[in-house]
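Residue-level structure breakdown
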Amino acid sequence: MVSLIIGSQWGDEGKGKIVDLLSEKQDLVVRFHGGNNAGHTVIANGKKYPFHLMPSGILHKKVAGVIANGTVLDLDVLVSEIEMLQKDGYKLEGKLLISDRCHIIMPYHKAMDEAMENARGKNKLGTTKRGIGPALADKVSYNGIRLYELLNWPQFEEKFKFQTEIKNKILKVFKVKPINIVDELAKFKILMEFIEPFITDTYQVIKKGVKEKENILFEGAHGVMLDNDFGPYPYVTGSNVITGAVNTGSGLPVKDMKEVWAVVKAYTSRVGEGPFPTELSGKLADSIREKGAEYGTTTGRPRRVGWLDLEAVKFALEVTGTTNIAITKIDVLSGLDEIKVCTGYKYKGKDIPYSSCGYVELEKVEPVYEAFKGWQKNIDGVKSESKLPKEAKAYLKFIEKFLGVKIGIISTGPAREEYIKY
Ligand code: GDP
Ligand code: IMO
Ligand code: MG
């Protein structure tokens, strides 16, 4: 069985937890797009792992983690995650497989991401400043450098010098300190030696897995509302988040994808700037943020929070061909008197679907809300449906009916075992 997990909102839906949960039965867990702008939290055996590049299923004994060609890599982050796991006794040789087609996030990409954000001033996008946009821009304009070059050192050295000299001229325009070529090359030499044993042709690994009917789980990053084409551009990320990204990002033939799980947080969160139709403010927002520990896994920034936006989620499910839903963080909503859900948008007095909105419309739409009675009972970590208050059940039933896709998992806490099979 080949399946995919995608984020259906603005990221941080709890994908890491659900990937880990579903990984018990997997042979391969594959990252295929994005980079270390992602932050996927796994809490297993009492320990918390905030993964940025490591496939979130890696903690399971049987699972091999694949980082396929579509992922862009900051090698410092990659090495520190490998070291973190090795320190905890995980043996990663033969268990972590990285494509030589992955593009490298260079020091000048990070510097340019930061410089552009600063230059945008009040129009900043709120990127993670991890160099994602500049690295992907270099990829599509044939200026990227891949792990493939790193393994062919003379070519790497030549390309790195050429690109850095050009980027340093651009950085000068921004009045940013230039990148030191000699120092960085010395660092890359050490990084190269460290990661070389993990680099392989991941296309063949996935092809063999499909042929041998292995269970393969593709781990999506970010969320559909951050998709470079289908999010409110430019308040998006650099990669495509939707199902097709698996094909381009790993080489898996489209026909082989059998199941798509959308992770839906029971409310909405967003880090970074840009429109957020159901955003809340004041005490209510603060209490949801605190209860839900809504602080960025990658940057530590407080996340903006709001009601569940089913107009946007419905679009996400349609465009990704979602077959199953995992609802997360329903426990965070306990204690509220009333819970609202957005079921559509009005723009200038008329209905407007999410797909017709650019960022200008999305900033101005008026959400149409359905209100639900809240519940006071603490449901942290409950494992059976019968323990859910009737109000929580009504809320979940409404979501399932509105979206027209079956809920398969209800997550009731951050740890691996805190969920209800639905
Ligand atoms: P991801 O990027 O989609 O993997 O999500 P993050 O890991 O960035 O953010 C989700 C946060 O919510 C993490 O701190 C998780 O440990 C936590 N989390 C996941 N599922 C649940 C849940 O059902 N309830 C609660 N309270 N926390 C959860
Ligand atoms: P996970 O996988 C939340 C957001 C950033 C910013 C925009 C562009 O953990 O859900 P970028 O650094 O990608 O150029 O920033 O995209 N963003 C995320 N927000 N979770 C993520 O990943 C994100 N990945 C990118 O906050 O608004
Ligand atoms: Mg995250």
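This text goes with the structure placed above it.
Residues numbered from 1 in each chain as written. Chains lettered and ligands numbered in written order. Predicted model: local features only at pLDDT ≥ 70, side-chain atom pairs only at ≥ 80, totals over all residues. Heavy atoms only, no water.

For the rest of this paragraph, the subject is the packing of aromatic side chains. The geometry of two aromatic rings is summed up by the distance between their centres and the angle between their planes. Throughout the structure, instances matching the rule amount to 15 aromatic pairs. Ring plane angle 70° and centroid distance 6.0 Å describe the contact between Phe32 and Phe218, whose orientation is recorded as edge-to-face. Note that Phe32 is positioned in the loop between strand 2 (28–31) and strand 3 (40–44) and Phe218 in strand 10 (residues 216–219), a separation of 186 residues in sequence. With a relative accessible area of 0%, Phe218 lands in the buried category. Ring geometry for Phe156 versus Phe188: centroids 5.2 Å apart, planes at 65°, classification edge-to-face. In this pair, Phe156 is assigned in helix 6 (residues 153–173) and Phe188 in helix 7 (residues 181–195), connecting sequence segments 32 residues apart. (Phe/Tyr/Trp six-rings, centres within 6.5 Å; stacked < 30°, edge-to-face > 60°. Helix = DSSP H or I, 4+ residues; strand = E, 2+ residues; numbered from the N terminus. Buried < 20%, exposed > 50% of the residue type's maximum accessible area, 1.4 Å probe, protein only.)

Taken together, 20 residues lie around ligand 2, and Lys15, His40, Thr128, His222 and Thr237 are the ones closest in. In the environment of ligand 2, an oxygen atom lies 2.9 Å from a nitrogen or oxygen atom belonging to the backbone of Gly39. His40 places a polar side-chain atom, nitrogen or oxygen, 2.7 Å from an oxygen atom of ligand 2. Bound to the protein, ligand 2 loses 97% of the 550 Å² it would expose on its own. Considering only residue class, the shell around ligand 2 consists of six nonpolar, ten polar and four charged. (Near = heavy atom within 4 Å. Polar contact = N/O pair within 3.5 Å; in protein donor to acceptor, adjacent residues only side chain to side chain. Areas by Shrake-Rupley, 256 points an atom, 1.4 Å probe, with all protein chains shown as cover. Nonpolar A, V, L, I, M, F, W, Y, C, P; charged D, E, K, R; others polar.)

The subject of this paragraph is the sheet that holds strand 10. The pairing of strands in a sheet comes from backbone hydrogen bonds and takes either a parallel or an antiparallel form. Taken together, ten strands build an open sheet; the order of strands is 9-7-5-2-10-1-11-15-19-20 and the sheet is mixed. The strands lining the two open edges of the sheet, one partner per strand, are strand 9 (199–200) and strand 20 (419–421). The pairing of strand 1 (residues 2–7) with strand 11 (residues 259–265) spans five bridges and is parallel. In the strand pairing of strand 11, Leu4 is matched with Val260. (Pairing = 2+ DSSP bridges.)

Throughout the structure, instances matching the rule amount to 24 salt bridges. Between Arg303 and Glu294 there is a salt bridge; the shortest N-O distance is 2.7 Å. Given the relative accessible area of 5%, Arg303 is considered buried. Counted as one network, the salt bridges with shared partners bring together Asp12, Lys265, Glu294, Arg303 and Lys329. (Salt bridge = Lys/Arg side-chain N within 4 Å of Asp/Glu carboxyl O.)

In the neighbourhood of ligand 1, 18 residues make up the surrounding shell, with Lys15, Gly39, Thr41, Asp331 and Ser411 lying closest. Contact distances for ligand 1 include 2.7 Å between an oxygen atom and a backbone N or O atom of Lys15. In the model, an oxygen atom of ligand 1 is placed 2.8 Å from a nitrogen or oxygen of the Lys329 side chain. Expressed as a share of its isolated accessible area of 580 Å², the protein-covered part of ligand 1 is 94%. Taking a 2 Å distance to the grid points as the criterion, the majority of the atoms of ligand 1 fall inside the second largest pocket. Of all the secondary-structure elements, those providing two or more residues to the shell around ligand 1 are helix 1 (15–22) and strand 3. The greatest single-element share of the shell around ligand 1, amounting to three residues, is contributed by helix 1. Among the residues forming the shell around ligand 1, the class breakdown is two nonpolar, nine polar and seven charged. In this structure, the shell around ligand 1 is formed jointly by two domains, domain 1 (2–96 + 200–260) and domain 3 (261–421), each of which donates at least three residues. (1 Å grid on protein atoms, 1.4 Å probe; cavity = no way out; pocket = protein on both sides within 12 Å on 5 of 7 lines; lining within 4 Å. Sits in = over half its atoms within 2 Å of the grid points. Domains from an automatic or database assignment.)

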